[in-house]
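# Coordinates in review
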Amino acid sequence: MIDVNALQKYSLFGGVSPEQIERIKPLLGTAHFEAGECPQIEGQPSDKIYFILSGEVEIVKQGLVIARLKEGETFGEMELLDIMPSIATVRAATPLEVVTISNRALYEISKLDLKTFSMMIMNLARDLSRRLRRMDELACLDSNEILKK
């Protein structure tokens, strides 16, 4: 069962009321993965965003663990928006419970409640912008280290 209050802690639902979440709740999915299972595989198609309700995942790129995410975090944002294959593998490090929104569900939300859809898309754009900004900062730090040598 999907807890509306639990979803409100995720940035994607910022500014979305409990009533609005309740209205779109039938379009959301849930899934469980055992440790070692991969909800998303590098190079394979995916069209979902995942909200980690419990557990942890490892983000693996070309065999290297590049990040670890836990309860309250999300993955799959890029794959939700574009048609490119997954850029990394996401592997459950522990038993994992997630809520999902597929690309098709997002389209249905746009037809059902345009205001909720608009707020979610704006929040998604903000999240991706923050990640891009963070990557730019890391790239600048790496560049400065190289220039010092």
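Residues numbered from 1 in each chain as written. Predicted model: local features only at pLDDT ≥ 70, side-chain atom pairs only at ≥ 80, totals over all residues. Heavy atoms only, no water.

### Observations regarding the overall build of the chain
Quick note on the threshold: Only DSSP runs of H or I covering at least 4 residues are called helices, and only runs of E covering at least 2 are called strands; the numbering of each starts at the N terminus. The globule rule is 2.2 Å times the number of residues to the power 0.38, and the radius of gyration it is compared with is taken over C-alpha atoms. Each residue is placed in one exposure class: buried if its accessible area under a 1.4 Å probe, protein chains only, is under 20% of its type's maximum, exposed if it is over 50%, and partly exposed if it falls in between. Any two residues whose heavy atoms approach within 4.5 Å at even a single point are treated as in contact. The method behind every accessible area is Shrake-Rupley, applied with a 1.4 Å probe, and residues are considered shielded solely by the protein chains displayed. In this count, Lys and Arg are taken as positive residues and Asp and Glu as negative ones, while His and the chain termini are left out. Just so you know, the charge point we use is NZ for Lys, CZ for Arg, CG for Asp and CD for Glu.
Each helix and strand in the chain was counted, giving five helices and seven strands. Counting from the amino terminus, helix and strand elements in the chain follow one another as α-α-β-β-β-β-β-α-β-β-α-α. Computed over C-alpha atoms, the radius of gyration of the chain comes to 16 Å, within 12% of the 15 Å expected from 2.2 N^0.38 for 149 residues, which places it in the range of a compact globule. If you line up the chain on its principal axes, its C-alpha atoms span 55 × 30 × 25 Å. Burial analysis of the chain (149 residues in total) assigns 36% to the buried set. For the chain, contacts bridging at least 24 residues in sequence account for 73% of all contacts bridging at least 6. Summed over all atoms, the accessible surface of the chain reaches about 9000 Å², with 57% contributed by carbon and sulfur. Distance from the positive charge centre (18 side chains) to the negative charge centre (22 side chains) of the chain: 4 Å.

### Let's talk about the pattern of salt bridges
To keep things clear, this is the line we draw: For this document, the term salt bridge refers to a Lys or Arg side-chain nitrogen within 4 Å of an Asp or Glu carboxyl oxygen.
What the rule picks out here adds up to 11 salt bridges. In this structure, the salt-bridge partner of K48 is D47, at a minimum N-O distance of 4.0 Å. The shortest N-O distance in the salt bridge between E108 and K111 comes to 3.5 Å. Pair noted here: E108 and K111 are both in helix α4 (residues 103-112), with a separation of three residues, about one helical turn. We classify E108 as partly exposed; its relative accessible area is 27%. Beyond isolated ion pairs, a larger network of salt bridges with shared partners links E56, E58, R68 and R91.

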